[in-house]
Amino acid sequence: MRLLSHASFRRLGAGALLALAAVPLLWTALEALRTGSHSAAWRSLAQDPALVHAALLTLWTGLASTLLAWWGAAALLARGFVRQRLARLLRGLPVMLATPHAALAIGFLFLLAPSGWLLRALSPWLTGFDSPPPWPTTQDPWGLGLIAALVIKEIPFLLWTAATQLQRDDVRQRWRAEHALAQTLGYAPRRAFWLVLWPQLATRLRWPLLAVLAYGLTVVDMALVIGPASPPTLAVLAWQWLQDADPATYTQGAAAGVLLALMVLACSAFWLGAQRLQRQALAHGHGVRGSTARTPGTDIGLWLLVGVYAAVLLALAVGSVSGVWAFPAVWPQSFTNAAWAQVMQSSGTVLTTLWLAAGSSAVALLWSVAWLELAPRRWDDALRPLLYLPLVLPAVLWVVGLYGVGLQLRLEGQASGLLIAHTLMVLPYVLLALSPAYLGFDPRYAQLNASLGRSGWAFLLRVKWPLLKRALASAAAVGFAVSVAQYLPTLYVGAGRFASVTTEAVTLASGGQRSLTSAYAGLQLALPMLAFALAAWLGRPRRFTHPVA
Amino acid sequence: MPQHPTAHLSRRQLLLAAGAASLSPAWAQSTWPAIEQAARGQTVFWNAWAGSEQTNAYLQWVAQQVQTSHGVKLQHVKITDTADVVKRVRAEKAAGRTASEGTVDLVWINGENFAAMKREGLLFGPWAETLPHFKLVDVAGKPTTLNDFSVPTDGMESPWGMAQFTLFADSKRLPQQPQSMQALLTLARAQPGRITHPRLPDFHGTTFIKQALVEFAPDAKALAQPVTDAAFATQTAALWPFLDALRPHLWRAGKQFPQNAAAVRQMMADGELLLAITFNPNEAANEIAAKRLPTSVVSWQFEKGTIGNTHFVAIPYNARAKAGAQVVANFLLSPAAQARKADIAHWGDPTVLDVARLPAADRALFQTGNQPGLVAKGAPTLPEPHASWVDPLEKEWARRYGV
């Protein structure tokens, strides 16, 4: 006898899943807010001489980088879609996605610095420089270097999330049809893309975009490496205050984290409002068809992006084996493998990183699949903002909450506490990555399955999950990469006892040895890349061997 | 994955005995074997800055040694900033953790961090002066082994190594090395944009300003006292005009400062800056040995002396492995450990021991050759200002130059 109907069973399951995720998420957020809301801390924050300048820098770098990344990703997508070359566009993405933010910033810095590769290549034969010129090309006070690095890092993320939308068969087919229809009405292919498809895609990319915006406004590690220094951005200031031994300064850092969160909220509202206005303006299109004369040249944008990543990776590779290497020598004057020898010695950090990343992405994937399978769509829509909290809350604030909760539960310095902290950070990314394909799964398969009298489990195991395995595998790989890149939660909740390749890389970067920093950045890059490669292999299409008739 | 030591009852009783014992030195002497026995099988989580591979490799060696000789499992907890540890122990205290419920057993510490932990009762002790090897320490010749930034150690931390403000530069780019802060200003005027120091409150940045303070303060004795508003005004009166004069000739016109000394060193190695600063007199020799700096790099200290201090290890009040931590601290003071630490090939950090008083066999361990990059002619060590000077100095610097 069944006590519960099928629907209420699903609801019960979804409720349990919700509690599992929402309780720690809300608790962490509230703990962070509690720590960051002391009035004394806000008073001293308001009196800090660097506050206004730092906050303005934060707004400028965050908004400018998001705008440029958005525009860049849109332009690349438009070109790729119109010329039916999306597959080519997406080929290099896993490498770019796997490149950790800090590693990118370190390599990028070495290209641009006054003593960097670009100028070394031109000196002294062209520039006449025997010593690096006094140019503020790194840590420039206007934050241009930080903006450039953020744009380069975020375009691949936006492209990839757009690609997850286009992986949905239903969407892709409909959009192709609409695009063709618009062209029959006389619109040039590019203009048809911008008028018909882009508004639809932009709406669906709302959450990834907000994640990019929040990241740009609150990033710490990249800003430390390449961002302005006097004053730095508000996130870096908050991070420095949080590191202070004085408890009053610590709470001031937490208050700055809350302020950052408010800035993220305000900017998000502003952005979404602007987008809506733009959409309304487009809706009243006046039928300008535009000419087809603009023949696109080479894919210069794509090549530029690929070129920067290639140069960054090469700079890291050469840097990791460099010994003495003074300006203006283009290649190191002496080589040493000491850095890699050191990396080999700390194989324990690789194991810690692997089990944390594998564990947290597996748990997050299980949870996400169960949630998407069981939760009513209404619940899902309503609760997304809560589930995406770690995406939009500043990392500096989030870690305050995680550490506070960890202390209360006596989970600090414990493997279980660290795994929970990582899972909370990984979950929204996995959910974000998986949802489009999972929710877009053609319902007629299920109807067909039922009509054949097969059970729900058989459908999931034999039909749905195998068909979705590419999305499942790549969502897990994204989760893996997010876990590998976690610095603050690993340090705080792990009480420093768990060294991952990222904590090791950042710690060694404080020692400033180019070779060691580059070598660890390389390792930090290699692990997620392996995960993406594994995901690509697991996600390859099934091949059925047909019996020869 | 680190395991927590499972404390057996007998072991815990021994540990309590050892803890109580260290309150009275005479009895502690007799119970050192008890401490050693209690330490056996303990895991010591040592929170120590890990930004240098030599340091990390040395700590690994220490771990092997204490494991073999005393059965103590030493885990290096790698940190970037000791203030994090102070904060963690404070948070643990605020969360109601009692003795032997903490996550830190031993911490590499000095200066403000020690002053804060001592003041707030976050430390276990006194224990340091009852360590068997403590009697080898050169407390007369190196008074900073008992006074950490003019704060008496009172046996709450055990000395580990010496440090002194030192400069280094490529002699090919800088044949004449400046011998005072005033000479540094002259050099900066001649070659603008080629000199800088890390942005305060970075440790080396603060040290640079403190060195200037010591050179320009009218009364050095006042700096050894806790700071007052009046003393601060008098003693820094000549410092700010000097920094005002220096600033426009610094790297990027003094509108920006590098994050830390490592960044300064990298820029010196690249040729962007003329000189770098360090608190380890052997750093340049270490870097040359590691082939990261050319052999033409030289180190020097200002003729009239530079400020110096001692770094220590301390045990938090809530350490789980207090006996093990003391065994490690005692091992760190052994001639073998100190000699290896002083050796350029391994670390190159000056010893706290009185080498002249050691037996000949131990003394022989400290013989080093004449590697390139070593300080050619040592200068006197000037005492650090009292720890309380740091905060107002950093605040005033930030107000004037921080934005």
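Read on for a plain summary of the structure.

Reading guide: rules and limits
The numbering scheme is per chain: residues are counted from 1 as the chain's sequence reads. Each chain gets a letter, beginning with A, and each ligand a number, beginning with 1, in the order they are written. Totals for whole chains, interfaces and linings use every residue, but because this is a predicted model, local features are given only for residues with pLDDT of at least 70 and side-chain atom pairs only at 80 or more, for both listing and counting. Note: side-chain values were computed over all heavy atoms of the structure, leaving out hydrogens and water. The secondary structure listing takes helices from DSSP runs of H or I that are at least 4 residues long and strands from runs of E that are at least 2 residues long, numbered from the N terminus. Just to be clear, the radius of gyration here is over C-alpha atoms, and the globule rule we use is 2.2 Å times residues to the power 0.38. Working rule for contacts: check all heavy atoms of both residues, and any pair within 4.5 Å makes them a contact. For the accessible areas, the method is Shrake-Rupley and the probe is 1.4 Å, while residue cover comes only from the protein chains on display. Just so you know, the count uses Lys and Arg for positive and Asp and Glu for negative, and it drops His and the chain ends. A charge is said to be at NZ when it belongs to Lys, at CZ for Arg, at CG for Asp and at CD for Glu. For two strands to be treated as a pair, DSSP must find at least two bridges joining them. A fitted line through C-alpha atoms represents every axis, and for helices the fit uses only the stretch in contact; the resulting angles, taken between N-to-C directions, go from 0 to 180 degrees. Put simply, buried area is the surface a 1.4 Å probe can reach on two separate parts but cannot reach once they are joined, added for both. By convention in these notes, a salt bridge is any Lys or Arg side-chain nitrogen within 4 Å of a carboxyl oxygen on Asp or Glu. Three residue categories are used. Nonpolar comprises Ala, Val, Leu, Ile, Met, Phe, Trp, Tyr, Cys and Pro, charged comprises Asp, Glu, Lys and Arg, and polar comprises the others, including Gly. Classification remark: right-handed applies to a crossover when, strands pointing away from the viewer, the course from the first strand over the helix to the second runs clockwise. Stacked, tilted and edge-to-face are the three classes assigned to paired rings of Phe, Tyr and Trp, where Trp is represented by its six-membered ring and a pair needs centres within 6.5 Å; plane angles under 30 degrees give stacked, over 60 edge-to-face, the rest tilted. Relative accessibility thresholds used throughout: buried, under 20% of the residue-type maximum; exposed, over 50%; partly exposed, between the two (1.4 Å probe, protein chains only). Here a polar contact is taken to be a pair of N or O atoms separated by no more than 3.5 Å, where protein atoms must pair a possible hydrogen donor with a possible acceptor and residues adjacent in sequence count only if both atoms sit in side chains.

What to know about the overall build of chain A
Scanning chain A from N- to C-terminus turns up 27 helices and zero strands. Compactness check: chain A gives a C-alpha radius of gyration of 25 Å against a globular reference of 24 Å for 549 residues, within 12% of the reference. If you line up chain A on its principal axes, its C-alpha atoms span 75 × 65 × 55 Å. For chain A, contacts bridging at least 24 residues in sequence account for 81% of all contacts bridging at least 6. Of the roughly 23,600 Å² of accessible surface on chain A, a fraction of 68% belongs to carbon and sulfur atoms. Distance between charge centroids for chain A: 14 Å, based on 39 positive and 18 negative side chains.

Section: the sheet that holds strand S8 (residues 275-278) of chain B
Each strand in a sheet pairs with another by means of backbone hydrogen bonds, the pair being arranged parallel or else antiparallel. Residues and elements named next belong to chain B. With respect to topology, three strands assemble into an open sheet ordered S8-S7-S9, the strand pairing being antiparallel. Two strands in the sheet have a free side with no partner beyond their single neighbour: S8 and strand S9 (297-300). Strand-to-strand twist in this sheet, taken as the mean axis angle between neighbours without regard to direction, amounts to 25 degrees. In the sheet, strand S7 (residues 166-170) pairs with S8 via four bridges, with the strands oriented antiparallel. When the sheet's bridge partners are listed, Ala-169 is paired in S8 with Leu-275.

Things to note about the interface of chain A and chain B
Counting residues at the interface gives 64 residues for chain A, matched by 53 residues for chain B. For the chain A and chain B pair, buried surface summed over both sides reaches about 4,800 Å², with 46% attributable to carbon and sulfur atoms. Contact with chain B buries area across many residues of chain A, yet A:Ser230, A:Arg497 and A:Gln513 alone supply 15% of it, more than any other trio. When the shortest N-O distance is used, the salt bridge between B:Asp270 and A:Arg120 registers 3.4 Å. Mapped onto the side of chain A that touches chain B, the elements with two or more residues apiece are helix H13 (234-242), helix H14 (247-283), helix H16 (338-345), helix H20 (395-408), helix H25 (488-493), helix H26 (501-509) and helix H27 (514-538) of chain A. When residues of the side of chain A that touches chain B are assigned to their parent elements, the largest contribution, four residues, is made by H26(A). For the side of chain A that touches chain B, a count of residues per class yields 32 nonpolar, 22 polar and ten charged.

A word on unusual backbone geometry
Cis geometry marks the peptide bond from A:Ser123 to A:Pro124; its omega dihedral reads -10 degrees. Following the sequence through the fold, A:Pro124 ends up in the loop between helix H7 (117-122) and helix H8 (144-166). In this structure, B:Pro126 follows B:Gly125 across a cis peptide bond, with omega equal to 5 degrees. Within the secondary structure, B:Pro126 is located in the loop between helix H5 (111-119) and strand S4 (147-148). A positive phi angle, close to 60 degrees, is found at B:Ser100, a residue other than glycine. Looking at where B:Ser100 falls in the secondary structure, it is placed in the loop between helix H4 (82-94) and strand S3 (106-109). Located in the positive-phi region is B:Phe149, a residue other than glycine, with phi close to 50 degrees. Take B:Phe149: it is sitting in the loop between S4 and strand S5 (151-152).

As for the pairing of strand S2 (residues 73-79) of chain B
Residue and element names in this part refer to chain B. Bridging between strand S1 (residues 43-49) and S2 involves seven bridges; their strand directions are parallel. By the bridge assignment for S2, Trp-46 is matched with His-76. Taken together, S1, helix H3 (residues 53-70) and S2 constitute a β-α-β crossover, and its handedness is right-handed.

Some words on the packing of aromatic side chains
In this structure the tally under the stated criterion is 32 aromatic pairs over all chains. Both rings, one in A:Trp117 and one in A:Trp331, keep their centres 5.7 Å apart while their planes meet at 75 degrees; by these two values the pair is edge-to-face. Highlighted residues: A:Trp117 in helix H7 and A:Trp331 in the loop between helix H15 (300-320) and H16, separated in sequence by 214 residues. Every member of this aromatic cluster is reached through a ring pair, and the members are B:Trp46, B:Tyr58, B:Trp61, B:Trp108, B:Trp160, B:Phe331 and B:Trp347.

A few points about the side chain of B:Asp170
Residues and elements named next belong to chain B. Within the element layout of this structure, Asp-170 appears in strand S7. Notably, Asp-170 is buried but unbridged: the nearest opposite-charge side chain belongs to Arg-173, and the N-O separation is 4.7 Å. Engagement of the side chain of Asp-170 in a polar contact is seen with the side chain of Ser-296, the distance being 2.8 Å. The residues contacting Asp-170, other than those within four sequence positions of it, are Met-268, Leu-274, Pro-294, Ser-296 and Val-297.

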